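Coordinates in review
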Amino acid sequence: PRKAANLKQNITQLGGAVGSRRSLLEKRLMGPVVYNNAVAFLRIRETEQVFDQLVHPLDDTRLHPDVYHRNNWAAKIATDALERAEGDGRNREMAGIKALRDVMDNSAQEVERLYNATKEEWVERYGPTFNVADWDPKLNVPQEA
């Protein structure tokens with residue numbers, strides 16, 4: 001609790017937001033050992049306070065930065081999946097981040113599409129009884145006749 005309170009106070013003094021997990025180390029908001037142990041639990045979200053900074057989309061996940069910064073695999077996979085050119089230097093990083101955002105957005109849209117298709121199929125088979133708030137797939141799956 002003491003370190004968390006200290007971190008919160010330091011961030012507040014900096015204007016209330018940080019633009020990346022890396023900046024926690026760069027601005028000396030926490031030491032390397034605390035950073036390594038805690039960073040996967042800290043999520044950096046895009047807000048109005050950091051709109052002018054490039055927020056890495058995986059900074060808003062529970063992935064440890066070592067996983068996506070060290071070899072940049074996630075960006076490479078996203079770039080390959082979208083069949084885009086990687087670029088070089090800073091352009092490569094920007095292109096990788098854009099590819100990650102596009103894949104994440106496409107995934108969210110695909111989940112929504114599949115949800116709607118499942119709901120439509122339910123309504124066709126069982127009538128307008130589908131209520132996602134009350135539905136538990138372990139309990140409410142209708143038995144085949």
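Residues numbered from 1 in each chain as written. Predicted model: local features only at pLDDT ≥ 70, side-chain atom pairs only at ≥ 80, totals over all residues. Heavy atoms only, no water.

**A word on the side chain of aspartate 59**
By the element assignment, aspartate 59 lies in the loop between helix H3 (32-38) and helix H4 (65-69). For the buried aspartate 59, no salt bridge exists, and the shortest N-O distance to an oppositely charged side chain is 4.1 Å, to arginine 21. Polar side-chain contacts of aspartate 59 include one of 3.2 Å to the backbone nitrogen of arginine 21. Apart from the residues within four sequence positions on either side, aspartate 59 is in contact with Ser20, Arg21, Leu42, Arg43, Ile44, Tyr68 and His69. (Helix = DSSP H or I, 4+ residues; strand = E, 2+ residues; numbered from the N terminus. Buried < 20%, exposed > 50% of the residue type's maximum accessible area, 1.4 Å probe, protein only. Lys, Arg positive; Asp, Glu negative; His and termini not counted. Salt bridge = Lys/Arg side-chain N within 4 Å of Asp/Glu carboxyl O. Polar contact = N/O pair within 3.5 Å; in protein donor to acceptor, adjacent residues only side chain to side chain. Contact = heavy atoms within 4.5 Å.)

**Quick look at the pattern of salt bridges**
Evaluation of the coordinates by the stated rule reveals six salt bridges. The residue lysine 98 makes a salt bridge to aspartate 102 at a minimum N-O spacing of 3.1 Å. Of this pair, lysine 98 and aspartate 102 are both found in helix H6 (residues 90-126), four residues apart, which corresponds to roughly one turn of the helix. On the accessibility criterion, lysine 98 (47% relative accessible area) is partly exposed.

**Things to note about the packing of aromatic side chains**
For the coordinates displayed, the defined rule picks out one aromatic pair. Aromatic pair tryptophan 122 and tyrosine 126: ring centres 4.8 Å apart, planes at 55 degrees, arrangement tilted. One end of the pair, tryptophan 122, and the other, tyrosine 126, are both in helix H6, four residues apart, so they sit about a helical turn from each other. Classification of tryptophan 122 by relative accessible area gives buried; the value is 14%. For tyrosine 126, a relative accessible area of 34% gives the class partly exposed. (Phe/Tyr/Trp six-rings, centres within 6.5 Å; stacked < 30°, edge-to-face > 60°.)

**Let's talk about the confidence of the model for the protein chain**
Residues of the protein chain with pLDDT of at least 70 account for 86%, and the chain-wide mean is 82. Averaged pLDDT values for the elements of the protein chain fall to 82 in H4 and rise to 90 in H3. (pLDDT = per-residue confidence, 0-100.)

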